[in-house]
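Observations on the three-dimensional arrangement
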2 protein chains.
Amino acid sequence: MSAQGTLFIISAPSGAGKSSLLSALMQDRPKDMQISVSHTTRAPRPGEEDGVHYHFVGQSEFKALIEKEQFVEWAEVFGNYYGTSQTVIEDTLNKGIDVFLDIDWQGAQQVKKLMPNAIGVFVLPPSKAELERRLTGRGQDSAEIIAGRMAQAVSEISHYNEYDYVIVNDDFDTALADLRGIVRAQRLTLTSQTHRHDGMLKGLLAESL
Amino acid sequence: MSAQGTLFIISAPSGAGKSSLLSALMQDRPKDMQISVSHTTRAPRPGEEDGVHYHFVGQSEFKALIEKEQFVEWAEVFGNYYGTSQTVIEDTLNKGIDVFLDIDWQGAQQVKKLMPNAIGVFVLPPSKAELERRLTGRGQDSAEIIAGRMAQAVSEISHYNEYDYVIVNDDFDTALADLRGIVRAQRLTLTSQTHRHDGMLKGLLAESL
């Protein structure tokens, strides 16, 4: 046996800073962590690479993957399909790499059903006033649009209690250290360590040297 | 509601470096962590303070505490009693302070039965050769004595899989960072955070500002 990665599901309302946290976590390009790369039927935008930003596939290929139950979660957004392949995730986990899946609570529920060992992390803003400040943006949007964003954020937040861990993103560096702490601890669980140190444990428990 | 501490049970064979790890963790006298202070019937040694190193009590008082089922674990060693009071631990946890209990696998089993939310952390040496090197000490002990220590260590190690987390103490700083990571992550679990941020969560989920 060797190290086995963990699948982390990261969810948050807009304005909680989830994307910045994930970018910061990946900044040094750690070899033992990866953001999950989704499949999509939409056309690549300039600069987007196949296999890096998305796995770009045609509609018929995507639908065939749905038929084969290859996706842990998928959705249709404005006529384009987006989905997360269970095979891709499992291959990565089997290499000992932790995979981060940036999805909403609905996607999280789908993934948890199929991959119950996934660890859910929910990122919260520190207060409603701060959330509104972050969602107000540059002051160019109408009160109605901002109220809509707030309502959507509160609806997402109402699912925080379906996750294993909760990070409050008040101070960014603290929140990043929190996320790193969760990832580190997960690698130290009995299951993870038994995989990683299988040979060493056999050696320690052997009758003689 | 307010922050609720976690009880950490730390076990290890001699030579794994558990005491050094706990000392390092407590070095800056963090306000939110405490090593559990045991009750004992043995006489204080020079420099030992009541309530700091031990709660020093008489035999009759100790036995009364046993009768009242006040101990999560207790043992008699060379005619002296040693025990861990559940009340003392719970009072500390209720102040939001994490408590560290330095006990062997037998004590750990007793504690887990009475306080199932306790988190067990087992510290391992990196290899049998390194363990023997550490247990050989200054080379003044007979091969028989060292073999006895090794047998006892291996017997303790055989219980590593009864713990939630496993730390391999190869590099001390890494092992200390591992321990800190486990403590940090535990404070971020859904249960811990729901206690700590009860008011904030109500505010975030309220209908309006």
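Remember, it's a predicted structure, so these values are computed and weren't measured experimentally. (Residues numbered from 1 in each chain as written. Chains lettered and ligands numbered in written order. Predicted model: local features only at pLDDT ≥ 70, side-chain atom pairs only at ≥ 80, totals over all residues. Heavy atoms only, no water.)

Comments concerning the packing of aromatic side chains
Residue and element names in this part refer to chain A. Applying the stated criterion to the full structure yields 14 aromatic pairs over all chains. Relative to Y81, the ring of F62 lies with its centre 5.3 Å away and its plane at 35°, an arrangement referred to as tilted. Of the two residues, F62 is situated in helix α2 (residues 59–67) and Y81 in strand β6 (residues 80–85); the sequence distance between them amounts to 19 residues. An identical accessibility class is assigned to F62 and Y81; each is buried. (Phe/Tyr/Trp six-rings, centres within 6.5 Å; stacked < 30°, edge-to-face > 60°. Helix = DSSP H or I, 4+ residues; strand = E, 2+ residues; numbered from the N terminus. Buried < 20%, exposed > 50% of the residue type's maximum accessible area, 1.4 Å probe, protein only.)

Overview of the sheet that holds strand β6 (residues 80–85) of chain B
Residues and elements named next belong to chain B. Pairing is mixed in the open sheet, where four strands are placed in the order β4-β3-β6-β5. Two strands close off the open sheet at either side, each with one partner strand: β4 (54–56) and β5 (71–77). The average undirected angle you get between the axes of adjacent strands in this sheet is 25°. In this sheet, β6 lies alongside strand β3 (residues 38–40) in antiparallel orientation, the contact comprising two bridges. Counterpart to T40 in the pairing with β6 is Y82. In the packing of helix α2 (residues 59–67) onto the sheet, the strands contacted are β3, β5 and β6, and the crossing angle to β6 comes to about 45°. Packed onto the sheet, helix α3 (residues 86–94) meets β3, β4, β5 and β6 and runs at close to 35° relative to β6. (Pairing = 2+ DSSP bridges. Axes fitted to C-alpha atoms, helices over the stretch in contact; angles between N-to-C directions. Contact = heavy atoms within 4.5 Å.)

Thoughts on the UniProt feature "binding site: ATP" (unreviewed entry) in chain A
Residue and element names in this part refer to chain A. Taking the numbering used here, the UniProt-annotated feature "binding site: ATP" (unreviewed entry) corresponds to A12, P13, S14, G15, A16, G17, K18 and S19. Secondary-structure assignment places K18 in helix α1 (residues 18–26). Under the relative-accessibility criterion, K18 is labelled buried at 15%. In contact with K18, not counting residues within four places along its chain, are I10, S11, A12, D102 and I103. (UniProt positions renumbered as here; feature names shortened; annotations may be inferred.)

Topic: unusual backbone geometry
A positive phi angle, close to 50°, is found at R29 of chain A, a residue other than glycine. Within the secondary structure, R29 of chain A is located in the loop between α1 and β2 (33–35).

A closer look at the packing of helix α5 (residues 128–136) of chain A against helix α6 (residues 143–157) of chain A
All names here are of chain A. Where α5 contacts α6, the two axes come as close as 10 Å, and the packing angle between them is 130°. Considering the angle they form, α5 stands oblique to α6. The handedness of the crossing between α5 and α6 is right-handed. Contacts between α5 and α6 pair K128, L131, E132, L135 and T136 from the former with I146, R149, M150, A153, V154 and I157 from the latter. Residues belonging to the contact of α5 with α6 are distributed by class as follows: seven nonpolar, one polar and three charged. (Parallel < 35°, antiparallel > 145°, perpendicular 65-115°, else oblique. Left-handed = near helix turned anticlockwise from the far one by under 90°. Nonpolar A, V, L, I, M, F, W, Y, C, P; charged D, E, K, R; others polar.)

Description of helix α9 (residues 198–205) of chain B
Of the residues making up α9 of chain B, those classed as buried are D198, M200, L201 and L204 of chain B. Along the axis of α9 of chain B, the buried residues cluster in a sector spanning 165°; they form a single face. Those residues of α9 of chain B that are exposed and angled more than 90 degrees off the buried face are G199 and K202 of chain B. Those residues of α9 of chain B hidden inside the fold are in contact with β8 (119–124), α5, α6 and β9 (165–168) of chain A together with α8 (190–196) of chain B. (Arc of directions from axis to C-beta.)

Overview of the nonpolar core
Counting 46 residues, the largest nonpolar core has F100 of chain A together with F100 of chain B as its most contacted members. Apart from residues no more than four positions distant in its own chain, F100 of chain B is found in contact with F8, I10, L22, L25, M26, M33, Q34, I35, S36 and V183 of chain B. (Core = buried A, V, L, I, M, F, W, Y, C linked by side-chain atoms within 4.5 Å.)

Side note on the pairing of β5 of chain B
For a regular strand, side chains alternate in direction, first toward one face of the sheet and then toward the other. Residues and elements named next belong to chain B. Here β5 runs beside β6; their pairing, made up of six bridges, is antiparallel. Residue pairing in the sheet places F71 in a bridge with S85 of β6. Two successive antiparallel strands, β5 and β6, enclose a turn made up of two residues, where F78 displays a positive phi of approximately 50°.

Description of the interface of chain B and chain A
Each partner contributes to the interface: chain B provides 40 residues, whereas chain A provides 40 residues. Approximately 3,300 Å² of surface area, both sides summed, lies buried where chain B meets chain A, with 69% of it carried by carbon and sulfur atoms. Run the count over chain B and chain A and you get two salt bridges. A salt bridge links R184 of chain B to D178 of chain A, with the nearest nitrogen and oxygen atoms 2.7 Å apart. Among the elements of the structure, α5 (128–136), α6 (143–157), β9 (165–168), α7 (172–186), α8 and α9 of chain B are those that each provide at least two residues to the side of chain B that touches chain A. In terms of residues, the side of chain B that touches chain A owes the most to one element, α7 of chain B, which gives seven residues. Tallied by class, the residues present in the side of chain B that touches chain A amount to 23 nonpolar, 11 polar and six charged. (Buried area = accessible area lost by both parts, 1.4 Å probe. Salt bridge = Lys/Arg side-chain N within 4 Å of Asp/Glu carboxyl O.)

A short note on the relation of the copies chain B and chain A
Of the two same-sequence chains, chain B is brought onto chain A (RMSD 0.0 Å, axial shift 0.0 Å) by a rotation of 180°. On this basis, the relationship between the two copies can be described by a two-fold rotation axis. Minimal C-alpha distance to the rotation axis in chain B is attained by G181 of chain B, lying at 2.3 Å. Take the interface residues of chain B: 100% of them recur as interface residues in chain A, which is what a same-surface contact looks like. (Least-squares fit on C-alpha atoms with pLDDT ≥ 70 in both.)

With respect to α1 of chain A
It helps to recall that an α-helix has 3.6 residues per turn; residues three or four apart then point in one direction. Within α1 of chain A, the full set of buried residues consists of K18, L21, L22, A24, L25 and M26 of chain A. Contacts made by the buried residues of α1 of chain A are with β1 (7–11), β2, β7 (98–102), β8 and α7 (172–186) of chain A.

Re the pattern of salt bridges
Tallied over the full model, the rule gives 20 salt bridges over all chains. In this structure, D98 of chain B and R187 of chain B form a salt bridge, with 2.7 Å as the shortest nitrogen-oxygen distance. In this pair, D98 of chain B sits in strand β7 (residues 98–102) while R187 of chain B sits in the loop between α7 and α8, placing the two residues 89 residues apart along the sequence. Here the two residues D98 of chain B and R187 of chain B agree in accessibility, since each one is buried. One connected set of salt bridges, linked through shared partners, spans D32, D98 and R187 of chain A.

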